[in-house]
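# Summary of the model geometry
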Amino acid sequence: MANEKEPKPIYAKVNHPVFWVSIIALLAFYGPMMIFQKEAQVPVGKMMHFITYSTDWLWEFVVFGSLIYLAWLALGRYGNVKLGAPDDKPEFSTFTWIAMMFCGGSGAGLVYWALIEPIFYLKAPPFWIEPFSAQAAQYSLAYGIFHWGFSAWATFAVPAVAFAYMYYVRKKPYLYPSYACRGVLGNMVDGWVGKAIDAIVIVGMVGGMATSLGFVIPMISKISADYFGIAETMGFKLIVCVLFSCIYTWSCYKGLKGGIAKLADANMFLTFILLGFVLIVGPTTFMFSLFGDNIGVLLQNFIRMSFYTDPITKSGFPQDWTVFYWAWWLAWAIYVGLFAARISKGRTIRSLIANMVFSATAGCMLFYMIFGSYQVDAIMNHGAELAVLLKEQGGPAVISWFLNSLPFSKIVIPFFIFVMALSQATGVDAASFTMANMTCTEIRDGVEPPKWIRLFWAGVLFFATVALLLVGGMQVVQLSSVLTAVPVLFLLIILAISTVKWLREDFGYEKPLCTTKYDNVDIDNPTLAVQHSNKTTDIVG
């Protein structure tokens, strides 16, 4: 009936030890960096240099290994294992599922870097290529797609499969990373080791999101100030930050289905309109031609790019770009993996991996093809001094130039600002919602974290952004997000091993013809698991 009330939402209980340990860790880690910013620059910078130059090979091997692992998992005997019971249907339509996952893992940062990154690669290309040459243009899109594409999403997909399998197949309602390590660490995750893992992940999530907001908020602020013809003061930046926070706070308060899903759908539709407009009014033929050329270069050199360290000439290109990106993605990996797992009920392992690795990469390709090619055309074919503008005034000024160069800019600019705010809000919502899940004791199917804790984590990200703008410490927080990714590097390996161990316990070494329900069964007991594995039904979906 139309007047029938919706069922009252069920909220989980807060896991106070994890919650308070995470708060203390955040204050201990970021507090000194914010207060003693100048003093922190030197030691943090040295640590950053050590990590990127001394362990570059480790980051590259782990990320490439993630791709190999996912290919084995998706194409092998376990690919058709369903994430849920045999009769479970997906909670979201395929479009909404892809939209939520893509927006949660990229946000407005993708737009920023799709417009900025090609300029850097033209100005200082890899492999000792001459700057602003035709050869440099062949890598101008390829490297951006490489950094935002298959390898990046592979780091997200590894934890996503682990959490989804634990949550929907093994029926363990614990959406925090330490529990998913049980397959390797055993009961150690119940003590301080588990709390430390969860706290480190939350610190890294805040650092990773703060890094992203450190780029996006100044971009929106600069474009808005130029549009209204006013000075971009700190007060104006704070106003932009408050208005932006209102969007993601509302969505986070409304929850997964009531807010985040709707926001993601709207964001995808509006983004396609923006991309389509630039494709039509821009150098369309050149865009497709440059994109095709760069895709060929990417496919031909993918292995070379994946293991490029330049140990002899020490140009710093792979460390400053690839290693930093891999560390940045690892700071996000657990959050994106948890969020992707939460929205993937009723999907198979194969479909989850395919969506994250291929669908999301295709979306990133689209941004670089249209926005990136527009910038390359302006520089190479029309002599635009965007590299000089980037050096003297920064990335937001370059994006402001881009918008003002489009026809109907008076209409396009406010539309762009709205879409970017919506896009980044979706990512912040997903992060806040995920941190809220991580700091609850149990999140059973159909249960959500309390509204107050969602708002709390949304507020943490808001104040972190404000502090970032006030102290101008974006570089320190950017470096800190990389430092916090170091433990996640090993956590990713543990999650992969745990997943394989669980799959072999549940399905053995033969190709599973069915999925097993684990209702009210202690699946951590292998004997009970084997006994219960006789109760099987055909996989659906």
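Everything that follows concerns the structure shown earlier in this document.
So, a few notes on the structure that sits alongside this text. Computed from a predicted model, the values in this text were never measured in an experiment.

### Here's the deal with the overall build of the protein chain
- If you tally the helices and strands in the protein chain, you get 22 helices and 4 strands.
- Across the 541 residues of the protein chain, 62% fall into the buried class.
- Of the contacts made within the protein chain by residues no fewer than 6 positions apart, 84% connect residues no fewer than 24 positions apart.
- When the accessible surface of the protein chain is totalled, it reaches about 21,200 Å², and 66% of it is carbon and sulfur.

### Looking at the packing of helix 3 (residues 56-75) against helix 21 (residues 485-507)
- It is the contact of helix 3 with helix 21, at a shortest axis distance of 11 Å, that shows an interaxial angle of 20°. With respect to helix 21, the element helix 3 is oriented roughly parallel. Considering the relative orientation of helix 3 and helix 21, their crossing is left-handed. On helix 21, the residues touching Leu 58, Trp 59, Val 62, Ser 66, Tyr 69, Trp 72 and Leu 73 of helix 3 are Ala 485, Val 486, Leu 489, Phe 490, Leu 492, Ile 493, Ala 496, Thr 499, Val 500, Leu 503 and Arg 504.
- Classifying every residue of the contact of helix 3 with helix 21 by side-chain character gives 15 nonpolar, 2 polar and 1 charged.

### Digging into the nonpolar core
- Counting residues in hydrophobic clusters, the biggest one holds 189 residues, and the most contacted among them are Trp 113, Trp 153, Met 356, Phe 371 and Trp 457.
- No other element matches helix 14 (residues 317-342), which puts 20 residues into this core.

### Section: the environment of Tyr 143
- Note on placement: Tyr 143 falls in helix 7 (residues 142-148).
- For the pair Tyr 143 and Leu 298, spaced 155 residues apart in sequence, the C-alpha to C-alpha distance is 7.4 Å.
- Not counting chain neighbours up to four residues away, the residues in contact with Tyr 143 comprise Glu 117, Tyr 121, Pro 126, Phe 127, Met 305, Tyr 308, Phe 317 and Thr 322.

### Some remarks on a nonpolar patch on the surface
- On the surface, a nonpolar cluster with roughly 340 Å² of combined accessible area is contributed by Val 184, Phe 490, Ile 493 and Ile 497.
- With 3 residues, helix 21 is the largest single contributor of residues to the nonpolar patch.
- With respect to the secondary-structure elements, Phe 490 resides in helix 21.
- The class of Phe 490 is partly exposed, set by a relative accessible area of 45%.

### Topic: the pattern of salt bridges
- Scanning all chains against the criterion turns up 3 salt bridges.
- Among the salt bridges present, the one from Arg 170 reaches Glu 505, with a minimum N-O distance of 2.9 Å. One end of the pair, Arg 170, is in the loop between helix 8 (150-169) and helix 9 (177-180); the other, Glu 505, is in helix 21, and 335 residues separate them in sequence.
- For Arg 170, a relative accessible area of 3% translates into the label buried.
- Relative accessible area serves as the criterion here: at 29%, Glu 505 is assigned to the partly exposed category.
- Here Asp 506 makes a salt bridge to Arg 170, at a shortest N to O gap of 2.8 Å. In this pair, Asp 506 sits in helix 21 while Arg 170 sits in the loop between helix 8 and helix 9, placing the two residues 336 residues apart along the sequence.
- For Asp 506, a relative accessible area of 7% translates into the label buried.
- What you see here is one network of salt bridges that share partners, running through Arg 170, Glu 505 and Asp 506.

### Some words on the packing of helix 8 against helix 21
- Helix 21 packs onto helix 8 with a crossing angle of 40° between their chain directions and a minimal axis gap of 9 Å. The angle between helix 8 and helix 21 falls in the class oblique. Crossing handedness for the pair helix 8 and helix 21: left-handed. Residues Thr 155, Val 158, Pro 159, Val 161, Ala 162, Phe 163, Tyr 165 and Met 166 of helix 8 form the contact with helix 21, whose own contacting residues are Leu 492, Leu 495, Ala 496, Thr 499, Trp 502, Leu 503, Asp 506 and Phe 507.

### Thoughts on the packing of aromatic side chains
- Enumeration over the complete set of coordinates arrives at 48 aromatic pairs.
- Aromatic side chains Trp 153 and Phe 156 sit 5.1 Å apart centroid to centroid with 85° between the ring planes, which places their arrangement in the edge-to-face category. With Trp 153 and Phe 156 both in helix 8, this residue pair falls 3 residues apart, about one helical turn. An identical accessibility class is assigned to Trp 153 and Phe 156; each is buried.
- Between Arg 347 and the ring centre of Trp 97, over which it is positioned, the NZ or CZ distance is 4.0 Å.

### So, empty space enclosed by the protein
- One pass over the structure, following the stated rule, counts 1 cavity of 30 Å³ or more.
- When its volume is computed, the largest cavity comes out at roughly 60 Å³.
- Around the largest cavity sit 11 residues that line it, and Phe 102, Asn 267, Thr 271, Phe 367 and Ser 423 are the ones nearest its centre.
- Within the residue set of the lining of the largest cavity, elements represented by two or more residues are helix 4 (94-105), helix 5 (109-123) and helix 12 (234-281).
- Among the residues making up the lining of the largest cavity, the classes are represented as 6 nonpolar, 5 polar and no charged.

Cut-offs applied
- Residues numbered from 1 in each chain as written.
- Predicted model: local features only at pLDDT ≥ 70, side-chain atom pairs only at ≥ 80, totals over all residues.
- Heavy atoms only, no water.
- Helix = DSSP H or I, 4+ residues; strand = E, 2+ residues; numbered from the N terminus.
- Buried < 20%, exposed > 50% of the residue type's maximum accessible area, 1.4 Å probe, protein only.
- Contact = heavy atoms within 4.5 Å.
- Areas by Shrake-Rupley, 256 points an atom, 1.4 Å probe, with all protein chains shown as cover.
- Axes fitted to C-alpha atoms, helices over the stretch in contact; angles between N-to-C directions.
- Parallel < 35°, antiparallel > 145°, perpendicular 65-115°, else oblique.
- Left-handed = near helix turned anticlockwise from the far one by under 90°.
- Nonpolar A, V, L, I, M, F, W, Y, C, P; charged D, E, K, R; others polar.
- Core = buried A, V, L, I, M, F, W, Y, C linked by side-chain atoms within 4.5 Å.
- Patch = residues over 30% accessible without salt bridge, like charges linked within 9 Å, V, L, I, M, F, W, Y side chains within 5 Å.
- Salt bridge = Lys/Arg side-chain N within 4 Å of Asp/Glu carboxyl O.
- Phe/Tyr/Trp six-rings, centres within 6.5 Å; stacked < 30°, edge-to-face > 60°.
- Lys NZ or Arg CZ within 6 Å of the ring centre and 35° of its normal.
- 1 Å grid on protein atoms, 1.4 Å probe; cavity = no way out; pocket = protein on both sides within 12 Å on 5 of 7 lines; lining within 4 Å.
- Points joined across faces, edges and corners; volume = space filled by probe spheres on them.

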